[in-house]
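Given next are the chains, with one letter for each unit.
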Amino acid sequence: MVTDNSSAIINKLKKVSTATIATCLFKKGLKNQFIQEVQPLEKGKSTMAGIAYTLRYIPAREDLNSIEVFKNPEHPQRVAIEECPKGSVLVIDSRKNARAASAGSILVSRLMQRGAEGIVTDGGFRDSAEIAALDFPAFHKTPSAPTNLTLHQAIAINEPIGCGDVAVFPRDFIVGDDDGVIVIPRNIAAAVAEECLQMTLYEEFVMEKVNQGSPIIGLYPLTDKNLKIEYEQWKKIK
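This structure is a prediction, so every number in the text was calculated from the model and none was measured. (Residues numbered from 1 in each chain as written. Predicted model: local features only at pLDDT ≥ 70, side-chain atom pairs only at ≥ 80, totals over all residues. Heavy atoms only, no water.)

(A) Focus on the overall build of the protein. Check the secondary structure of the protein and you find 7 helices and 12 strands. Here the C-alpha coordinates of the protein stretch approximately 70 × 35 × 30 Å along the principal axes. When burial is assessed residue by residue, the protein has 45% of its 238 residues classed as buried. Taking as baseline every contact in the protein between residues at least 6 positions apart, the subset at least 24 positions apart corresponds to 75%. Between the averaged position of the 28 positive side-chain charges in the protein and that of its 29 negative side-chain charges there is a distance of 3 Å. (Helix = DSSP H or I, 4+ residues; strand = E, 2+ residues; numbered from the N terminus. Buried < 20%, exposed > 50% of the residue type's maximum accessible area, 1.4 Å probe, protein only. Contact = heavy atoms within 4.5 Å. Lys, Arg positive; Asp, Glu negative; His and termini not counted. Charge placed at Lys NZ, Arg CZ, Asp CG, Glu CD.)

Pasting the structure below:
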């Protein structure tokens, strides 16, 4: 469930980039929060931001992973789709293995209809063109047609996972844009969101100055005293 406080954080995070967040987290000593080798199926969509809800796969074992397992109403993949809370991002640990799909368009469409904010896997999706056409952020490694049962066995829901070499804990904050997906630890998310808004405002000022022909020395980072005064005056009229 997304609380009022979480909603406020999410709204702020939707206004900043993963690049800005990555720099903010680096300042706080966190260097490995950007999920590797994952990209949006379709660029140009609105920034994704939500709370992590996780699904973990292990390598499939044939005697436990026949097509019949989908008839089980408690199958973890299906349960994850039906229980992922509104305002959450479903993050799937597929062990960076895209040789079989993590999910397809039917499950992703259901997730969208239930009010989730997006879906991320370090594996691949089948029906990738259909998923890309949805008004719903989706991130993966590469398209993959084979059913997940071929190589993946869904084993656990909403526990700590690894996704693209990043630790993801349930209720961490997840942000995705055209650059990729980044994970923000929950205990610092409010501070990160506010700091990133201020960083984004400053970067807007920098871009204005650069487009006017200003050099970046003393401007980026802001060390020039006169530019500091100018920036403070600029903020008052924004």
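(B) Molecular detail of the pattern of salt bridges. Summed over all chains, the structure comprises 12 salt bridges. A salt bridge links Lys 141 to Glu 37, with the shortest nitrogen-to-oxygen separation between them at 3.4 Å. Separated by 104 residues along the polypeptide, Lys 141 in the loop between strand 7 (138–140) and strand 8 (152–157) and Glu 37 in the loop between helix 2 (18–27) and strand 1 (39–40) bring together distant segments of the chain. In this structure, the salt-bridge partner of Arg 56 is Glu 159, at a minimum N-O distance of 2.6 Å. Pair noted here: Arg 56 is in strand 2 (residues 48–59) and Glu 159 is in the loop between strand 8 and strand 9 (161–163), with a separation of 103 residues, a long-range link. By relative accessible area, which is 25% here, Arg 56 ends up partly exposed. (Salt bridge = Lys/Arg side-chain N within 4 Å of Asp/Glu carboxyl O.)

(C) Inspection of the packing of helix 3 (residues 76–83) against helix 4 (residues 105–113) at higher detail. The interhelical angle for the contact between helix 3 and helix 4, taken along N-to-C directions, is 25°, at an axis separation of 8 Å. Classified by the angle between their axes, helix 3 and helix 4 sit roughly parallel to one another. Contacts between helix 3 and helix 4 involve Gln 77, Arg 78, Ile 81 and Glu 82 from the former and Leu 107, Arg 110 and Leu 111 from the latter. (Axes fitted to C-alpha atoms, helices over the stretch in contact; angles between N-to-C directions. Parallel < 35°, antiparallel > 145°, perpendicular 65-115°, else oblique.)

(D) Quick peek at empty space enclosed by the protein. Within this structure, the stated rule accounts for 1 cavity of 30 Å³ or more. By volume, the largest cavity is sized at about 80 Å³. Around the largest cavity, the lining comprises 13 residues; the ones closest to its centre are Pro 40, Glu 42, Lys 45, Pro 137 and Phe 139. Secondary-structure elements contributing two or more residues to the lining of the largest cavity are strand 7 and strand 11 (173–177). Split by residue class, the lining of the largest cavity holds 6 nonpolar, 2 polar and 5 charged. (1 Å grid on protein atoms, 1.4 Å probe; cavity = no way out; pocket = protein on both sides within 12 Å on 5 of 7 lines; lining within 4 Å. Points joined across faces, edges and corners; volume = space filled by probe spheres on them. Nonpolar A, V, L, I, M, F, W, Y, C, P; charged D, E, K, R; others polar.)

(E) Spotlight on helix 2. Considered for burial, the residues of helix 2 that qualify are Thr 18, Thr 20, Ile 21, Cys 24 and Leu 25. Looking down the long axis of helix 2, one finds its buried residues gathered within 155° of arc, a one-sided arrangement. Relative to its buried face, helix 2 has exposed residues pointing more than 90 degrees away, namely Phe 26 and Lys 27. Two residues or fewer past helix 2, Gly 29 is found with a positive phi of approximately 90°. (Arc of directions from axis to C-beta.)

(F) Main features of the environment of Ile 9. Mapping Ile 9 onto the fold places it in helix 1 (residues 4–13). Note: C-alpha distance between Ile 9 and Gly 50 (41 residues apart in sequence) is 9.0 Å. Ignoring any residue separated from it by four or fewer positions in sequence, one finds Ile 9 in contact with Phe 173, Ala 189, Ala 190 and Ala 193.

On their own, these measurements won't tell you what the molecule is for.
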